[in-house]
Amino acid sequence: MNRRTFLLGTASGALAIGCAFGRTGGRVWRHHQRTGELQPNAWIRILADGRVIFTLDRVEMGQGTMTSHAAMVCEELEVDPTTITILPAEASRAYDNPDRQIRVQITGGSTSTKASWQPLREAGAVAREMLRRAAAETWAVPLGECVAIAGTIQHAKTSRMLRYGELVKAAARQDTPRVRLKDPAQWTLIGKSLGRLDIRPKVDGSGIYGVDVQLPGLLTAVIVRPPVRGGTVAKLDASAARARRGVVDVVQIPEGVAVIAEGYWEARTGAELLQVTWDEGHGGTLDTDALFAAFEKLASARGQRTAHDAGDAYEALGKGTRVEATYRAPYLAHATMEPQNATCWIRRGRCEVWAPTQTPGIARFRVAEAIGFDLDDVAIHTTLIGGGFGRRGLVDYAVEAARLAQRVKRPIKVMWSREDDQEHDWYRPMAVSKFVGSVEFGTGNESRPLQPGPGRITGWLHRLVAQSIVTHEAGDFLGARVPNATPRALRRLVSAGPPRMTARGTLLDPTSIEGAADLPYAIPNLRVEYTPAETGIPVGFWRSVGHSFNAFFTECFFDELAHAAGKDPYELRRELLASHPRHRAVLELAATRAGWDTPLAAGVGRGIAVHASFHSFCAQVAEVSVTGNRVRVHRVVVAIDCGRVVNPGLVAAQVESAVIYGLSAALKQQITHRKGRVQETNFHTYRSLRMHETPVIETHLVTSTEDPTGVGEPGVPPIAPALCNAIFAATGKRIRTLPIEAALASPGAAS
Amino acid sequence: MVKLIVNGKSVTVVAEAETPLLWVLRDKLGLTGTKFGCGIAQCGACTVHVDGEARRSCVMPVGELAGRAITTIEGLATPPEMERAGERWRAGTALHAVQEAWLAENVPQCGYCQAGQIMTTVALLAANPAPTDDDIDSALSANLCRCGTYPRIRRAVHRAAKAIRP
């Protein structure tokens, strides 16, 4: 642990004490004197009765952090992960995401395993070494003879054994040691498919999600929100709502009009009795068709910024065979199964929030801002989370609950309906790409299409128009990132700067161009231009973020160029990835396992795509058939390289999850606006893949000794292009506008 | 006032007749294992049993349920003998074979939809102890899962069927 500064968090998270380890473990000892526990760092507590308590600082929202992170700690601590107690971390700077680009207490960006890999194993090893030293001292034997095994320290020569609980006191006196992590050959947990530690309460109904929080005298609030962006209340008649049995109050907050009642049903039906006249402002003019037309117009001109420029694309495009195409990706909702919600109770100057959130750090900052509290007076308790996908990196629900709790002086739960959730999301941004590519043929190739030959891609011009996420989300993020002691005014200044710059385009939003500007293919003349386009519709991080549309754009257009060059799309990818061995390895693995060269049944087409995101590499081969406008996905073969695999079972589950999430979006989903109103208001119009539509998904993991990288998101980007390329192979139709089912149903949208 | 039989016990609740069963269970009886997903019977997160059949509690007025036997995820594992003995089921005790299969196959991710998936499966297996993949498709295609646990659900249904069959 090299004398690093660590932060020592307390169980309540109210205190975060800077603790310089190295010369002395004095703080660990003082903590022991107060509590009787050994707490060598922010994550591990060992009680005198032997219980091990692990504080999980990357939220469990289904992706498996509870299991993977417990394995990383327990591997070094030498305890059985099924015997420990795992608690979600409260809001505390001790639990900031250690990823250099984040440093806020947030779970996202597929960083959880990558960022915790070193610190969590070190934390476990430090505790183990303190316990070993304590045993060596107690027995007066050489340290080297004391071995940690399954929650005990053992001395083989004298057949003596002490449980961790028995060593807590002596261990707390030890200086914090430098540690050596276990050799991978000695691992018993890492690399194994340890069963999930979080699922028992998820199958017996006892798990407490945000919606399930109960408090004495709890009220429920339903908020009637403006029907269009920026709408405000012009006139309100709440008399009928107030008269409804069970309704306690009607309160206006910036987000809308809240009907507060004894329970959800009373609040929901009470809300229907509100007579609200809205001043719609300009929000009522938003229209999806007009937005796409505006984006396409922007994409027709040179981009505002150059995101990548190699060779001379404009010159190259004047030669060879020219291929042009325009691609469109719609707004998407996250559609977590659990609608947004939060519960808040303010009493005696303290504010407590219970919320299914990906970011206790931002929640604390935004709640404190909203109600004028100091950060130290706001506690955030993370509940079980009914799906995140990026949506719960926003904390609007927590802010609403805090505003209302301040008004009603009782515990209150804000419950969003499915319609609220669909109509007031922070959507995956819409984006448009205009491509121009040029290919040149060698001799005798045009007569032999789809055969490996000398045809090559000579130029690639990509004009991307997308709405900037940073413009919408960075304010929250930066405000939570600055030190807690930062004066409020300075905090606001810091959080307002970059969003303004990305909106103007003076700062290139990296989340817009990711996966487009870093195209891995060896194309000599390659230019990527980007123009930010602000529509006023709130946008946010959606599983795989910019990669979600850029992989679709680039991997589909690459396929078009491969066909135009008369090359097999797999072979041409392979050829142009010669200097990207990890891309190429997953590509080859997926193609081999899928049997790329093997014949398919009549009417079935096969498509391939490869894309790197969140430091991982993923290739997918999809097999589909199309009958009329109906697409049937038969099989998806996935190869993923995410470095060392902590838990192969969890990685496979995340890959299946990503493929199904991505297939839902690619085939079925879009958020459209007519007169400013979201048209897809519930699951009947915002459709997702269901059991009978789910293909066989085969996942193949690359064996690697690289450090672990992202898993939750990298499986999403390749599925849309693999699928669209397969549809082309099956039907000759190019899908350039998502979602596919709508594109196939509208004549002219696919060609 | 409505008299219901919930998880084998008679309960009397004060609720307007048109209140959906879901909100009676969650807000009045504190049985929060049954989840709210869409409110329009599109996602199945609120699935419970009414007289042994899988039903959507979010659209089922409680007034129509007087005297009917309602089972929720919390009551699934209650063996009949325990009910007769008046022993109260507690979370953390025995599980139904379907729940055991869900654990064995590591099905849940976020877990929010799983109570509904499990309730639908229990009703399916009661009616059809050896379902084919097609049978599973027709029974479970009405239950949405946004984490994409469908492949594991399918495996768990087969596993549970094997465990239950004599």
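Each chain has its residues counted from 1, following the order in which its sequence is written. Chain letters and ligand numbers both follow the written order, the letters beginning at A and the numbers at 1. In view of the model being predicted, local features appear only for residues whose pLDDT reaches at least 70, and side-chain atom pairs are presented and counted only at 80 or more, with totals across whole chains, interfaces and linings using the full set of residues. Water and hydrogen atoms were dropped before computing side-chain values, which therefore reflect all heavy atoms in the structure.

S.K.: Got a minute to help me understand the overall build of chain A in this structure?
M.R.: Looking only at helices and strands, chain A has 21 helices and 28 strands in total. Atoms counted for the radius of gyration: C-alpha only. Globule rule: 2.2 Å times residue count to the power 0.38. Relative to the globule expectation of 27 Å for 751 residues, the C-alpha radius of gyration of chain A, 28 Å, shows essentially globular dimensions. Viewed in the frame of its principal axes, chain A has a C-alpha envelope of about 85 × 75 × 50 Å. Put simply, chain A has 751 residues, and 64% of those count as buried. Using a 1.4 Å probe, accessible areas were evaluated by the Shrake-Rupley method; residue-level cover was limited to the displayed protein chains. Looking at chain A as shown, the accessible area adds up to about 26,800 Å², and 52% of this sits on carbon and sulfur atoms. Neither His nor the chain ends is counted toward charge; the positive residues are Lys and Arg and the negative residues Asp and Glu. Where a charge sits is defined by one atom per residue type, namely NZ (Lys), CZ (Arg), CG (Asp) or CD (Glu). Taking the average location of the 88 positive side-chain charges in chain A and that of its 76 negative ones, the two points are 3 Å from each other. Here a helix means four or more residues in a row that DSSP labels H or I, a strand means two or more in a row labelled E, and each is numbered from the N terminus. Burial status follows relative accessibility: with a 1.4 Å probe on protein chains alone, a residue under 20% of its type maximum counts as buried, one over 50% as exposed, and anything between as partly exposed.

S.K.: I tried to follow the domain arrangement of chain A on my own but got confused; where do I start?
M.R.: Accessible area lost upon the coming together of the parts serves often as the stated size of an interface. All names here are of chain A. As used throughout, domain bounds are those supplied by an automatic or database domain assignment. For chain A, the assigned domains read domain 1 (5-190), domain 2 (210-282 + 340-415) and domain 3 (288-332 + 427-468 + 509-745). Here the C-alpha centre of domain 3 lies 42 Å away from the C-alpha centre of domain 1. Here a residue-residue contact requires only that any non-hydrogen atoms of the pair lie within 4.5 Å. Taken together, the contact between domain 1 and domain 3 spans 15 residues of the former and 16 residues of the latter. Accessible area, probed at 1.4 Å, shrinks when two parts are joined; the buried area is that loss added up over both. Across the interface of domain 1 and domain 3, roughly 1,200 Å² is buried in total on both sides, 65% from carbon and sulfur atoms. Of all residues in domain 1, Ser-110, Lys-114 and Trp-117 bury the most surface against domain 3, accounting for 43% of the area lost on that side. By convention in these notes, a salt bridge is any Lys or Arg side-chain nitrogen within 4 Å of a carboxyl oxygen on Asp or Glu. At the boundary of domain 1 with domain 3, the tally comes to zero salt bridges. What qualifies as a polar contact is a pair of N or O atoms within 3.5 Å, subject to a donor-acceptor requirement within protein and to the restriction that residues adjacent in sequence count only when both atoms come from side chains. Linking domain 1 with domain 3 are two residue pairs in polar contact (both at pLDDT 80 or more), by the criterion used here. Of all the secondary structure elements, the ones that give two or more residues to the side of domain 1 that touches domain 3 are helix H2 (65-77) and helix H3 (112-139).

S.K.: In this structure, what is going on with the packing of aromatic side chains? I would like to understand it.
M.R.: Both the distance between ring centres and the angle between the ring planes are used here to describe each pair of aromatic rings. All names here are of chain A. Only Phe, Tyr and Trp rings take part, Trp by its six-membered ring, and two of them pair if their centres are within 6.5 Å. Stacked means planes under 30 degrees apart, edge-to-face means over 60, and tilted covers everything else. Scanning all chains against the criterion turns up 18 aromatic pairs over all chains. Taken together, Tyr-327, Phe-435, Trp-460, Phe-549, Phe-552, Phe-553 and Phe-557 form an aromatic cluster joined through their ring pairs. Sitting over the face of the ring of Trp-117, Arg-121 holds its NZ or CZ atom 3.7 Å from the ring centroid. A cation over an aromatic ring shows up here: Arg-734 above the ring of Phe-728, its NZ or CZ 4.0 Å from the ring centre. Counting as a charge over the ring demands two things of the Lys NZ or Arg CZ atom: a distance within 6 Å of the ring centre and an angle within 35 degrees of the ring normal.

S.K.: Whenever I open this one, the side chain of Asn341(A) confuses me. Can you help?
M.R.: Residue and element names in this part refer to chain A. Within the secondary structure layout, Asn-341 lies in strand S16 (residues 341-347). The exposure class of Asn-341 is buried, given its relative accessible area of 0%. A distance of 2.9 Å separates the side chain of Asn-341 from the backbone oxygen of Pro-339, its partner in a polar contact. Once residues within four sequence positions are removed from consideration, Asn-341 is found in contact with Gly-210, Val-211, Ala-355, Pro-356, Tyr-397, Val-414, Met-415 and Trp-416.

S.K.: Would you explain the confidence of the model for chain A in this entry?
M.R.: Values of pLDDT, the confidence the predictor places in each residue, fall between 0 and 100. When pLDDT is averaged across chain A, the result is 93; 94% of the residues are at 70 or more. Low pLDDT, under 50, characterises residues 1-24 of chain A; the predicted model gives this stretch 56 contacts beyond four residues in sequence or across chains.

S.K.: Please explain unusual backbone geometry as it appears in this structure.
M.R.: Glycine aside, residues mostly have negative phi angles, and peptide bonds mostly take the trans form. Along the chain, Leu738(A) connects to Pro739(A) via a cis peptide bond; the corresponding omega equals 0°. Structurally, Pro739(A) is set in the loop between helix H20 (719-731) and helix H21 (740-745). The backbone of Ala140(A) shows a phi angle near 55°, a positive value even though the residue is not glycine. Following the sequence through the fold, Ala140(A) ends up in the loop between H3 and strand S6 (146-149). Exposure remark for Ala140(A): the relative accessible area of 69% places this residue in the exposed category. Even without a glycine there, the phi angle at Asn106(B) is positive, about 50°.

S.K.: Honestly, the interface of chain B and chain A in this entry has me stumped. Any pointers?
M.R.: Counting residues at the interface gives 54 residues for chain B, matched by 58 residues for chain A. A salt bridge links Glu16(B) to Arg244(A); its shortest N-O distance comes to 2.7 Å. Our count for the contact surface shared by chain B and chain A stands at 29 residue pairs in polar contact (both at pLDDT 80 or more). When contributions to the side of chain B that touches chain A are tallied by element, the ones reaching two or more residues are helix H1 (21-28), helix H3 (97-104), helix H4 (114-127), helix H5 (133-140) and helix H6 (150-164) of chain B.

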